Structure formats: structure tokens, C-alpha cells
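Next come the chains, spelled out residue by residue.
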Amino acid sequence: MRSLYYMKHLSQSFSVKFEYQIYFTAGIFNKTNTLFNDFLLNSATSLSTRKIFFVVDKGVTDAHPNLIQNIQDYFSLYNKVQLVQDILVVPGGETAKNDLLYFNQVVEAVNAYGIDRHSYIAAIGGGAVLDMVGYAAAVSHRGIKHIRIPTTVLSQNDSGIGVKNGINFFSKKNFLGTFVPPTVVFNDEQFLETLTDRDWRSGISEAVKVALLKDADFFTWIEQNTTALVKRDMNTMNHLIWKCAQLHMEHIAGADPFESGSSRPLDFGHWSAHKLEYLSNFEVRHGEAVAMGIALDTIYSNLSGRISEQESDRVIQTLQNLGFEVSHHLLQVDGNNSPILAGIEEFREHLGGQLTIMLLNGIGEGEEVHEIDTEILKQAAKKLEEIHRLKLQ
């Protein structure tokens, strides 16, 4: 018998199409480079005055002291979109995501300068600044068009081209955030020229990660080109960034781009990396932590019988040839209360539902597992520490 409280109901289902481009260029604000202006002209959707507000990573302005003037000069020449002259400069790195001050400054600018949903917020910087600005753009007026101009290897090949935005909260990575694609991404190789060797190298770990999961031939290419990458050959780096971006875009176009399930395939090595960043007070950079996380999960994959020792050795050797350290004292598992183990539960909580961690079944082939054996993890961490110690001798 039907419940007296059950009368009628309505149901609705609809799809929303997302589309955005990633452009690869050099000198995005050179007056002879019309790429940015061409995009703005071709994407006009309103007869109203459109504005563009820039937020720039301080590390970028320090390395490129003429950048703000170049932006202003560019938009004085190409002025179909009105530039907000007050360009906001914020600290780079996790500071941008840890302190609500900078998020609030972006939101306050939206209000003060009348930036509407037909206007743009453009972020220039590393992944953390792009994440923070993207989150502010996504929640202001329920969504302002967001333009990303990544300036690091890590953001050009990974975070800057994806659909995630967020800030850190409760001492947890990306506790607050959204899944909103950017309107467009401009990867400008000239920003990479001023990176420190540490930042140049850091982003390569994400390319190693995606190759290990999705493309064995790409991993072999990285393996064969470690010397050129370390020596900062730009053509080699450009290929690495392009291929990595391609694989990421193919993944985003798959069945679960907004991660509504409990799976995050491209987070191989990340459960420990995110925790290590916090435990080290961010002295370990994200890319460096990911390299160590990849190493840990690779050794675990070997010790748990999923990949051969030869495959495991190839991964560890490639990371070391690129200049990465593969172990850290905070990654050691001394018992069930080891601080790094909290990263497993925090990873599950962030995913929601069932714990799902990616391991390797082979070079170029991932496998999702739903539990981690602490004893094997302890052995893996210990083995990595021994490898690291031998490298230092």
C-alpha cells in the first residue's frame, strides 16, 4: 500500500558541456603576440563592458619585474576588454592557500571593481596561486570566468590545466574547493626560464606519475631524457609538458572528471605526499613530496607482488637521475601511530566513501586498492631509506 505521504514527485536530468583550450606560447604579453587578445575577441558573449582583473604570484613579479607594466601596456594597445589597473600581487606557494587573507582580497576586488560573470579573473603564478584564485572566481557571483597562466613546470603540466580549485583549511590540503574548469590556459615557456633548478625539477615528478599510470612509452622517453631535462633543455621540457598535459586532458574527458566516486587515479603517490608537505611545514615542495610518494608506492607495489624488482628499480633510478630524493625521515613507519599514516585516513576522508589508493601493476598500468598493509608499508619505507642512504655515500 502506498504511503499517505507519497503523493507526486518530479525528476530532472541534464548535462553541462565544458570546453576549454590550452595554448602553448612564448611572450604572452609581447605586443606582437596577439594570442591573448584573439582569445578575448573570439569569446565575447555579451555586449556589456567586460573587465579583466589580474592576480599575480609575487615570485613571478620578482623574477619578471616588468611584468605588471607589460600587462598594462598590452591592454592599452588591445583594449576591447577593460583592464582593472590595480593588479593584485600575492605570495606564492602554500601561503596563498593557507591564509584566507589572499582569498578575501580577490573576493573584495570582485565587489570593489564590479567584476561580473561576463568578465575575467586571470591568475599568473604557480599552482597554489592558481588554485586559490580559481576557488575565489568559482564562488564569486556563482562563477566568474577564470583564466590561468601557469608559470612553473608543475602548474603547466598538471595543476594549472585541470578542473580543481581550492584552499587549505583545518590544516588539510584542499579542504575547501570546487571542480570548475578554467575558461582558457596559456602556457608561456618564458616563465620557466627564470625558475630555480629546484622548481624546474619539482614539476617533473607529476610527468613521471602520469607516465607510470597511463603511458609506458612516455615513461621510457623520460627515462632516456633525464640528462637533457636536468640540463634545462627547453625543447625537451616543452615536449614533456605538452605530453603530460595531453594525458591529463584525456583523463579529464573520462567517466568521472569531477571525482564523484571514490577514485582519484591521478593521485598516485599523493596520499603520503600531501601529509609529508604538512609534516615538513611545507619545507618539502609538492613536486618533491610527490616524487617521494611515487617512490614509496612503487616499492610497496613491488613488495606486495604487483610489479617486478626490475620495474621498481627503473622508477627509483629515474627519480634519482632527475635529482629527486626518494626518502624523508617523516616518511618512516615506526608503528601504527606514525604521523605519516594519518595521511591514509585523511586521503579516504577527502575522497569520501571507500579508501582508494592507486598502485602499479606495471610500467604504464595502475591498479586501485582499498587497503594498505602497514607492515609492507613499513618495509617499503625502510628500503627507500636504505636506497637514499646509499645514494648519499
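Look up: the structure comes first, before these words.
Quick look at the structure, then.

1. Focus: the pairing of strand 9 (residues 184–188)
Taking burial as the measure, the 5 residues of strand 9 include 5 buried ones, the bulk of the element. Bridge count for strand 1 (residues 21–25) against strand 9 is 5 bridges, and the pairing is parallel. Pairing of F24 across the sheet is with N187, part of strand 9. When strand 6 (residues 145–150) meets strand 9, the two strands line up parallel, connected through 2 bridges. What sits directly across from I147, in strand 9, is V184.

2. Here we look at unusual backbone geometry
Excluding glycine, most residues fall at negative phi; most peptide bonds, likewise, are trans. With phi around 60°, R142 is a residue other than glycine that occupies positive phi space. Mapping R142 onto the fold places it in the loop between helix 6 (127–139) and strand 6. The backbone of N281 shows a phi angle near 55°, a positive value even though the residue is not glycine. With respect to the secondary-structure elements, N281 resides in the loop between helix 13 (270–279) and helix 14 (286–303).

3. Quick word on the environment of M249
Tracing the backbone shows M249 in helix 12 (residues 234–252). Residues within four places of M249 in sequence aside, it is in contact with Y20, I22 and I161.

4. Some details on the packing of helix 15 (residues 309–321) against helix 17 (residues 374–392)
Axes are the key here: two packed helices are described by the angle between their axes and the distance separating the axes. Between helix 15 and helix 17, the least distance of the axes is 12 Å, while the angle of their chain directions is 50°. Taken together, the axes of helix 15 and helix 17 lie oblique to each other. Crossing of helix 15 over helix 17 shows right-handed handedness. Where helix 15 approaches helix 17, its residues E309, I316 and Q320 are matched on the opposing element by K383, L384, I387 and K391.

5. Focus: the nonpolar core
Soluble, globular proteins show a tendency: their nonpolar side chains are buried together. In this structure, F218, I222 and L240 are the most contacted members of the largest nonpolar core, which totals 63 residues. The element contributing the most residues to this core is helix 14, with 9 residues. When residues no more than four places from it in sequence are discounted, the contact partners of L240 are N157, I204, A207, F218, W221, I222 and L229. F29, V56, Y120 and V184 belong to the second largest nonpolar core, which has 26 residues in total.

6. Notes on the environment of K209
With respect to the helices and strands, K209 occurs in helix 9 (residues 204–214). Counting along the chain gives 57 residues from K209 to L266, while the straight-line C-alpha distance between them is 7.6 Å. Within the local environment of K209, its side chain forms a polar contact with the side chain of D158, the two groups lying 3.2 Å apart.

7. So, the packing of helix 9 against helix 14
Between helix 9 and helix 14, the least distance of the axes is 8 Å, while the angle of their chain directions is 35°. Here helix 9 contributes S205, E206, V208, K209 and L212 to the contact with helix 14, which in turn contributes H286, G287, V290, A291 and I294. Among the residues forming the contact of helix 9 with helix 14, the class breakdown is 5 nonpolar, 3 polar and 2 charged.

Conventions we followed
Residues numbered from 1 in each chain as written. Predicted model: local features only at pLDDT ≥ 70, side-chain atom pairs only at ≥ 80, totals over all residues. Heavy atoms only, no water. Buried < 20%, exposed > 50% of the residue type's maximum accessible area, 1.4 Å probe, protein only. Helix = DSSP H or I, 4+ residues; strand = E, 2+ residues; numbered from the N terminus. Pairing = 2+ DSSP bridges. Contact = heavy atoms within 4.5 Å. Axes fitted to C-alpha atoms, helices over the stretch in contact; angles between N-to-C directions. Parallel < 35°, antiparallel > 145°, perpendicular 65-115°, else oblique. Left-handed = near helix turned anticlockwise from the far one by under 90°. Core = buried A, V, L, I, M, F, W, Y, C linked by side-chain atoms within 4.5 Å. Polar contact = N/O pair within 3.5 Å; in protein donor to acceptor, adjacent residues only side chain to side chain. Nonpolar A, V, L, I, M, F, W, Y, C, P; charged D, E, K, R; others polar.

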